[in-house]
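For reference, the chains in residue letters:
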Amino acid sequence: MTSYAPLARRSFLAGALATAGIALAPRAFAAEAAPFGRYGSPSARPTARTRYVDPLGRGDHTTVQAAVDAVSGTGATLVLAPAVYRETVSVTEARAGLTLIGASEDPRDTVIVYDNAAGTPRPDGSGTYGTSGSATTTVRAADFTAHRITFANDWLRADHPEISGTQAVAIKVMGDRSAFHHCRFLGHQDTLYSDTLSLSVFARHYFAHCYAEGDVDFVFGRATSVFEHCRFHALDRDVDFTPEGMVFAPSTARANPYGYLAVRSRFTSGAEDAAYKLARPWVPSSDPTAWPSLVVRDSVIGAGTDAAAPYTNMSSGYPWQDQRFAEYANTGPGARVPVPENRPQLTPEQAGLHTRAAYLGDWRPYC
């Protein structure tokens, strides 16, 4: 971690808050070099809906969860000092419109991280956490926005050979109209869970200029999610089975016309060539009628992706060929089409139906 004092000067914070539509008050900080200087009075804060989080005690709260709990109603903003926040965070439906801003130009400087896995025993003895319970950050609220923050789960299989439930979620986001700009999502299995509050409710998520890494199904769920100008990085794994992992595992509800859309993105890998699959369909036991949907278009796919057979099955009875998987105008060594039947391609007319505007409808979180 780098020192954050030079990054949190008044000029940058003014820009960061302006991103969320907040004007910085002239007396917001006690000192230029202290990013979260002590306030002389409540009126010194930019607005009553803005709170500052700093583990060194120079803001309103020392933890992210304490700040989330302190706000009520809708439309609050939390500005996080660059630091590692080792905690779990839950944003309930009552905190609609919450915005998190990392007070640094680099999302690597502001990290929310914890290390629960699906198979981790709960401290109260009531069983294990399960996949959803393993999430470091859980967002149920609508209209959630995050800027320049890293969401991570640093649980490692090698450190816990006794645990078989190795899913370890960095963030599970369920609320409609949730947007992430210049954020990072770090983990191994099931890193980024882009989901919905219930099977009957659709949720739209937008990820712009983000980075996600992992190994098995590290972007998964049933939300309508647009990933634009993002990078998906498959980690190298010391395993003796093929494939080493998969990037996407959508579980789109059958009634939902749109699932995951990756556009103008990059797929990279630290593993050997062709070690990873682009996706496999997830049909959960809770929704046996799911019809997973994924479109990857106008993207650069690196050699780590198996060009000859980029898709595989998760469970018997739900072959990937029966799902809504397609590509369009991709480039790179992992985008070659040596076996056409293994890589469904959209026509230009069909591609016109798979755009961010079509997926997100009347919600426009982009410029």
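Our subject is the structure listed above.
Presented here is a report on the structure given in the accompanying data block. (Residues numbered from 1 in each chain as written. Predicted model: local features only at pLDDT ≥ 70, side-chain atom pairs only at ≥ 80, totals over all residues. Heavy atoms only, no water.)

Some points on the overall build of the protein
- Counting secondary structure elements, the protein contains 5 helices and 25 strands.
- Here the protein, with 367 residues, has 56% of them falling under the buried criterion.
- Expressed as a percentage of contacts within the protein between residues at least 6 apart in sequence, the contacts between residues at least 24 apart total 69%.
- Working note: accessible area of the protein is about 14900 Å², and carbon and sulfur atoms make up 52% of it. (Helix = DSSP H or I, 4+ residues; strand = E, 2+ residues; numbered from the N terminus. Buried < 20%, exposed > 50% of the residue type's maximum accessible area, 1.4 Å probe, protein only. Contact = heavy atoms within 4.5 Å. Areas by Shrake-Rupley, 256 points an atom, 1.4 Å probe, with all protein chains shown as cover.)

Let's talk about the sheet that holds strand β3 (residues 83–86)
- Strands sit in the order β3-β6-β9-β12-β15-β18-β21-β24 across an open sheet of 8 strands; the sheet is parallel. The outermost strands of the open sheet, each flanked by one partner alone, are β3 and β24 (300–301).
- Judged from the 4 bridges that link them, strand β15 (residues 211–214) and strand β18 (residues 231–234) form a sheet pairing that is parallel. Bridged to G214 within β18 is A234. (Pairing = 2+ DSSP bridges.)

Considering the side chain of D176
- Within the fold, D176 resides in the loop between β10 (171–173) and β11 (178–181).
- According to the relative accessible area criterion, D176 is buried, its value standing at 17%.
- Of note is the side chain of D176, whose polar atom sits 3.0 Å from the side chain of R177.
- For D176, the contacting residues outside a window of four places in its chain are A142, D143, F202, A203 and R204. (Polar contact = N/O pair within 3.5 Å; in protein donor to acceptor, adjacent residues only side chain to side chain.)

Details of the pairing of strand β9 (residues 150–153)
- Burial of the side chains of β9 extends over both faces: T150 and A152 are buried on one face and F151 and N153 on the other.
- With 4 bridges joining them, strand β6 (residues 110–114) and β9 adopt parallel strand pairing. By the bridge assignment, V111 is partnered in β9 with T150.
- Across 3 bridges, the pairing between β9 and strand β12 (residues 184–186) is parallel.

What about the packing of aromatic side chains?
- Within the structure shown, the criterion is met by 21 aromatic pairs.
- Centroid distance F185 to F207: 5.8 Å. Interplanar angle 75°. Geometry classified as edge-to-face. With F185 in strand β12 and F207 in strand β14 (residues 204–208), the pair connects residues that are 22 residues apart, well separated along the chain.
- Ring centres of F232 and F267 lie 4.9 Å apart, and the angle between their planes is 20°; this geometry places the pair in the stacked category. (Phe/Tyr/Trp six-rings, centres within 6.5 Å; stacked < 30°, edge-to-face > 60°.)

Digging into the pattern of salt bridges
- Counted by the stated rule, this structure contains 17 salt bridges.
- For D362, the salt bridge identified is with R204, shortest N-O distance 3.1 Å. Taken together, the positions of D362 in the segment after α5 (356–360) and R204 in strand β14 put the pair 158 residues apart, joining distant regions of the chain.
- Take R204: its relative accessible area is 17%, and that puts it in the buried class.
- Note that R280 and D217 form a salt bridge whose closest N and O atoms lie 2.8 Å from each other. Of the two residues, R280 is situated in the loop between β22 (276–279) and β23 (293–297) and D217 in the loop between β15 and β16 (219–221); the sequence distance between them amounts to 63 residues.
- It is possible to trace a salt-bridge network through shared partners that takes in D143, D176, R177, R204 and D362. (Salt bridge = Lys/Arg side-chain N within 4 Å of Asp/Glu carboxyl O.)

Topic: the state of the cysteines
- Tallying each qualifying case throughout the model produces 0 disulfides.
- Left without a disulfide partner, C183 is nearest to the cysteine sulfur of C210, which lies 5.0 Å away. (Disulfide = S-S within 2.5 Å.)

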